[in-house]
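Here is what each chain is made of, one letter per residue.
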Amino acid sequence: MDAFSQILSGVKLNGAVFFSAEFSAPWGFSTPLPKAMAATVSAGDEHVVLYHLVIEGGAVVDLLDGRRTELASGDIVIFPHGDPHHMSSGIAVGRPFPNYGISAKIKARDLSPLRAGGGGDVSRFVCGYMTCDPYLSRPILRGLPPVFKVNIRTDRSGQWLENSILHLLEEAASGNIGSDAMLAKLSEALFVDTLRRYVASLPEQQLGWLAGARDPAVGKSLGLLHGRIAHPWTIADLADQVGISRSALVERFTRYLSEPPMTYLTRWRLQVAARSLERTSRGVADIAADVGYESEAAFNRAFKREFGQPPGRYRTDHRQAPAQEAQSAG
């Protein structure tokens, strides 16, 4: 499995479409701050990623820092860090925007289209969100800008996703059993497909985790390290598996990720261990073994260097409430 898939398979993506609209210009609405959005969709301590898919017409998106993104039919715009923003027709519409009853529809999980606006040009779109573990998804999230867009009408897979979502939206609005669950899975597929398209569009000189995952040697290394985290890796072993020299692997890996493979692996092992300490009751020795440490003492030393405190104290300070743990396990 490639590194991109390895990360995504481990972060337990959960998605949903939460809003469908047919607005006529002028129109506009604002999204809440990330914490408020997380509370709205009952995400708990999960990371919330927002997206809008434009079905017909166009729109503009403005971040709070003034950055603007123009959208056309078939565009999906993603906010990987849940940044609050304004979405509007961009013409003769003042702020603050009216709510149009959006909050009530989201709270009621009403997916029937909301029709509103000033009677001008029509835009149709759907809004959705993804939740994921903020720590285990960090390698991917850290390499993403506050907002980016791709067009999903450039090939059959994107067109199939869009048509399927629209079909299921109609079914969900009609109350057909199982539509919401299928929409959630399609929402996840849409998110992954959009990420893949974004990564494919990165310029050749781009650095970072996502660009590294696309490089044949670095991507294979990342896939191996994430796929076999407890394996007693050495740089010689990894280079042999990848099929290039040790020096070449270290150079290419460091160029993309700003640290050599073994340093990256150590950091990732400890990150995974930290999440286990927070979310499970497993013993420290078992967690240490799961992430590749034969000695609990060696694990304790490495963990303290990374987090500034030993595993036991870290667990006490970061322990989730029992209800949260049960929800995470489910």
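Everything numeric in this text was worked out from a predicted model, so none of it was measured.

Thresholds, definitions, all that
By convention here, each chain's residues receive numbers from 1 onward along its written sequence. Since the coordinates come from a predicted model, pLDDT governs what is reported: local features require at least 70, and pairs of side-chain atoms require 80 or more to be given and counted, while whole-chain, interface and lining totals use all residues. Water and hydrogen atoms play no part in the side-chain values, which are based on all heavy atoms of the structure. Only strands joined by at least two bridges in the DSSP assignment are considered to pair. Counting from the N terminus, the helices are DSSP H or I runs at least four residues long and the strands are E runs at least two residues long. Note on geometry: axes are lines fitted to C-alpha atoms, helical ones only across the stretch in contact, with angles between N-to-C directions running from 0 to 180 degrees. The contact criterion used is simple: two residues touch if any of their non-hydrogen atoms lie within 4.5 Å. Ring pairs shown here join Phe, Tyr and Trp side chains whose ring centres sit within 6.5 Å, with only the six-membered ring taken for Trp; geometry is labelled stacked below 30 degrees between planes, edge-to-face above 60, and tilted in between. Accessible area is worked out with a 1.4 Å probe on protein chains only. A residue is then buried under 20% of its type maximum, exposed over 50%, and partly exposed in between. Think of it as the arc spanned by the lines of direction from the helix axis to the C-beta atoms.

A. Just the sheet that holds strand β3 (residues 47-56), in detail. An order of β8-β1-β9-β3-β6-β10 is seen for the six strands of this open sheet, with the pairing classed as mixed. One side of each edge strand has no neighbouring strand; the edge strands of this open sheet are β8 (114-117) and β10 (148-151). Averaged over all neighbouring strand pairs, the angle between strand axes comes to 25 degrees, with direction disregarded. On top of the sheet, helix α5 (residues 156-173) reaches β1 (14-24), β3 and β9 (122-132); it is set at about 95 degrees to β3, its chief contact. Where helix α6 (residues 179-201) meets the sheet, it contacts β1, β3, β6 (75-79), β9 and β10, and its direction lies at approximately 85 degrees from that of β1.

B. Quick look at the packing of aromatic side chains. Within the structure shown, the criterion is met by 16 aromatic pairs. Ring plane angle 45 degrees and centroid distance 5.9 Å describe the contact between F18 and Y129, whose orientation is recorded as tilted. Here Y129 lies in strand β9 and F18 lies in strand β1, a separation of 111 residues in the sequence. An identical accessibility class is assigned to F18 and Y129; each is buried. Between F23 and F29, the ring centres sit 6.4 Å apart and the planes meet at 75 degrees, which makes this aromatic pair edge-to-face. Each member of the pair, F23 as well as F29, is classed as buried. Three or more aromatic residues joined by ring pairs make a cluster, and in this case those are F19, F23, W27, F29, Y100 and F125.

C. A look at the pairing of strand β7 (residues 85-88). Neither face of β7 is exposed, since H85 and M87 on one face and H86 and S88 on the opposite face are all buried. By the bridge criterion, three bridges tie strand β2 (residues 28-30) to β7 in an arrangement that is antiparallel. Opposite G28, over in β7, you have S88 as the bridge partner. Two strands pair when backbone bridges link them, and strand β4 (residues 58-63) and β7 are joined in this way by four bridges, in the antiparallel orientation. Paired with V60 across the bridge in β7 is S88.

D. Geometry of helix α9 (residues 235-242). Among all positions in α9, only L238, A239 and V242 are buried. The buried side chains of α9 occupy one side of the element, clustering within an arc of 95 degrees when seen end-on. Lining the buried residues of α9 we find α8 (216-227), α10 (246-257) and α11 (261-279). The first or second residue beyond α9 is G243, which carries a positive phi of 95 degrees.

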